[in-house]
Amino acid sequence: VEQDLSHLSPEERKVNEDKKMSVKQKLEGNELYKAKKFDDALAKYDEAIALDPKNMTFLSNKAAVYFTQKKYNECIEMCIKAVEVGKE
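About the criteria used
Residues numbered from 1 in each chain as written. Predicted model: local features only at pLDDT ≥ 70, side-chain atom pairs only at ≥ 80, totals over all residues. Heavy atoms only, no water. Salt bridge = Lys/Arg side-chain N within 4 Å of Asp/Glu carboxyl O. Helix = DSSP H or I, 4+ residues; strand = E, 2+ residues; numbered from the N terminus. Buried < 20%, exposed > 50% of the residue type's maximum accessible area, 1.4 Å probe, protein only. Phe/Tyr/Trp six-rings, centres within 6.5 Å; stacked < 30°, edge-to-face > 60°. Axes fitted to C-alpha atoms, helices over the stretch in contact; angles between N-to-C directions. Parallel < 35°, antiparallel > 145°, perpendicular 65-115°, else oblique. Left-handed = near helix turned anticlockwise from the far one by under 90°. Contact = heavy atoms within 4.5 Å. Core = buried A, V, L, I, M, F, W, Y, C linked by side-chain atoms within 4.5 Å.

Draft legend 1. Broad picture of the pattern of salt bridges. Summed over all chains, the structure comprises 8 salt bridges. Across the pair Lys20 and Glu17 runs a salt bridge, and its minimum N-O distance is 3.6 Å. You can see Lys20 and its partner Glu17 sitting in helix H1 (residues 10-34), 3 residues apart, about one turn around the helix. Glu88 is paired through a salt bridge with Lys54; the nearest N and O atoms lie 2.8 Å apart. Here Glu88 is found in the segment after helix H4 (72-87), whereas its partner Lys54 is found in the loop between helix H2 (38-51) and helix H3 (56-68), with 34 residues between them in sequence. Exposure remark for Glu88: the relative accessible area of 62% places this residue in the exposed category. Residues joined in a network through salt bridges with shared partners are Lys24, Glu28, Lys44 and Glu47.

Draft legend 2. Inspection of the packing of aromatic side chains at higher detail. Per the stated rule, a full pass over the model turns up 2 aromatic pairs. Judged by centre distance (5.6 Å) and plane angle (70 degrees), the rings of Phe67 and Tyr72 are edge-to-face. Classification of Tyr72 by relative accessible area gives partly exposed; the value is 40%.

Draft legend 3. Representation of the packing of H1 against H3 within the structure. Contact pair H1 / H3: the axes reach a minimum separation of 11 Å and the direction vectors enclose 15 degrees. Between H1 and H3, the crossing angle belongs to the class labelled roughly parallel. Taken as a pair, H1 and H3 cross one another with a handedness that is left-handed. Here Ser22, Val23, Lys26, Asn30 and Tyr33 of H1 lie close against H3, whose contacting residues are Thr57, Phe58, Asn61, Ala64, Val65 and Thr68.

Draft legend 4. Region of the structure containing the nonpolar core. Counting residues in each nonpolar core, the largest one holds 16 residues, and the members touching the most others are Ala41, Leu59, Val65, Tyr66 and Met78. Secondary-structure elements contributing two or more residues to this core are H2, H3 and H4. It is H2 that contributes the most residues to this core, 6 residues altogether. Not counting the four nearest positions on each side in its chain, Leu59 is found in contact with Ile49, Met78, Lys81, Ala82 and Val85.

Interpretation note: all reported values are geometric properties and have no functional meaning in isolation.
Okay, structure coming up:
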């Protein structure tokens, strides 16, 4: 079911579309993560973050990849960023 976006400004419509696309990128990243294609998953999560930087889930997904790769410093850094975004 398509939403009626006629009441939104062009800027609000763009934000809405970016959020939808960011979720799509995250889901693709999740599939890549499950397939153990970690660098590709990180790239998808980065695309999601670029589209919706206020969604802490994308950052925590990156942290999970780093944890799986035993890149613990990067994991901690991503977790801290996720908490900062979550507090906003």
